[in-house]
Amino acid sequence: DTLGGGKYLPGGVSIRNGTKQSDAKLPFLRAECRHNVVKKLFEIYAQIIGLEALAIEKYCPDEYAENLLTYGDGEDCIFPSPVLQRVGQNLSEGLHFNLHQAALRIMGRELNKEDESLERLAWHFDQGDVETSQPLTYLPMGGKDGKGGRVAGTDLMVFEHKYGGQCFRLRTSIKDTVVFILMNSADQLHGNAKDEDDCGVPDCWSARF
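Presented here is an overview of the structure given in this document. Keep in mind the model is a prediction, meaning the values are calculated, not measured. (Residues numbered from 1 in each chain as written. Predicted model: local features only at pLDDT ≥ 70, side-chain atom pairs only at ≥ 80, totals over all residues. Heavy atoms only, no water.)

Residue placement: Asn-98 occurs in the loop between α3 (82–85) and β3 (101–107). By relative accessible area, which is 5% here, Asn-98 ends up buried. Separated by 31 residues in the primary sequence, Asn-98 and Asn-67 have C-alpha atoms spaced 6.4 Å apart. Aside from chain neighbours lying at most four places away, what touches Asn-98 is Asn-67, Leu-68, Tyr-71, Ile-78 and Gln-134. Here the side chain of Asn-98 touches His-96 through a polar contact of 2.8 Å, side chain to side chain. (Helix = DSSP H or I, 4+ residues; strand = E, 2+ residues; numbered from the N terminus. Buried < 20%, exposed > 50% of the residue type's maximum accessible area, 1.4 Å probe, protein only. Contact = heavy atoms within 4.5 Å. Polar contact = N/O pair within 3.5 Å; in protein donor to acceptor, adjacent residues only side chain to side chain.)

Put into structure tokens, the structure is as follows:
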């Protein structure tokens, strides 16, 4: 996904094509996940997505059930793992949400004006994504008190389907608030809104999983 803006760090399980001797598609852990700092980042995200799983199961039960059905017996390839996701739930039998990859995208921090002018931003749908609802998680960062705030260019526009239809503009950078959006990125046109002026709060930035 190179059309979303910002810089990003991927992690999780990918699929390698088979060899001449084998046609099987083989899962493997991405090389980035060998680094301790990357492991720690995704351990933090695991607890966040674990809590989101509780909310999705409660308020969007159909989407939660579809997620479990889509991934079927592939629990060994879930990333972050179900065990890590349940750490922060404080339940005897916790829930988890099935993903096999995640990416940390940084927006509004290290990009200067010259970098921004070269960014490829566009409405798009992601053909390689799983065709079910998946969560996007936005964490507010920076600011005078460390609780973040509005970051220009981070509002997300989500359309009804891949060819357009009704559209909603969603604020993703809110002070002291974790925002998560459940959407089908493979089947819904989406992209960041480009603000005409610098409407952001100084020294604030956004981290998106």
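Counted at 1.5 Å a residue, the expected span for helix α1 (residues 36–59) with its 24 residues is 34 Å, and the 35 Å between its end C-alpha atoms agrees. For α1, the set of buried residues is Val-38, Phe-42, Tyr-45, Ala-46, Ile-48, Ile-49, Gly-50, Glu-52, Ala-53 and Ile-56. (Expected span 1.5 Å × (residues − 1).)

To continue, consider the pattern of salt bridges. One pass over the structure, following the stated rule, counts 6 salt bridges. Put simply, Lys-175 and Asp-145 hold a salt bridge, and the shortest N to O gap is 3.0 Å. Separated by 30 residues along the polypeptide, Lys-175 in the loop between β6 (164–170) and β7 (179–183) and Asp-145 in the loop between β4 (134–142) and β5 (156–161) bring together distant segments of the chain. (Salt bridge = Lys/Arg side-chain N within 4 Å of Asp/Glu carboxyl O.)

Here we take up the nonpolar core. By size, the foremost hydrophobic cluster in this structure holds 20 residues, and its most contacted members are Phe-42, Tyr-45, Phe-97, Ala-207 and Phe-209. Where this core is concerned, the elements lending two or more residues are α1, β3 and β9 (204–208). By residue number, the principal contributor to this core is α1, which donates 7 residues. Among residues more than four places away in sequence, those in contact with Phe-209 are Leu-41, Phe-42, Tyr-45, Ala-103, Leu-104, Pro-135, Leu-136, Thr-137 and Leu-139. In terms of nonpolar packing, the next biggest core, distinct from the first, is built from 7 residues, Tyr-138, Leu-156, Val-179 and Met-183 among them. (Core = buried A, V, L, I, M, F, W, Y, C linked by side-chain atoms within 4.5 Å.)

To continue, consider the sheet that holds strand β8 (residues 190–192). Taking strand neighbours across the sheet as the criterion, the 3 strands line up as β6-β5-β8 in an open arrangement whose pairing is antiparallel. At either margin of the open sheet sits one strand with a lone partner, and together these are β6 and β8. Across the sheet, the axes of successive neighbouring strands diverge by a mean angle of 20°, strand direction being ignored. (Pairing = 2+ DSSP bridges. Axes fitted to C-alpha atoms, helices over the stretch in contact; angles between N-to-C directions.)

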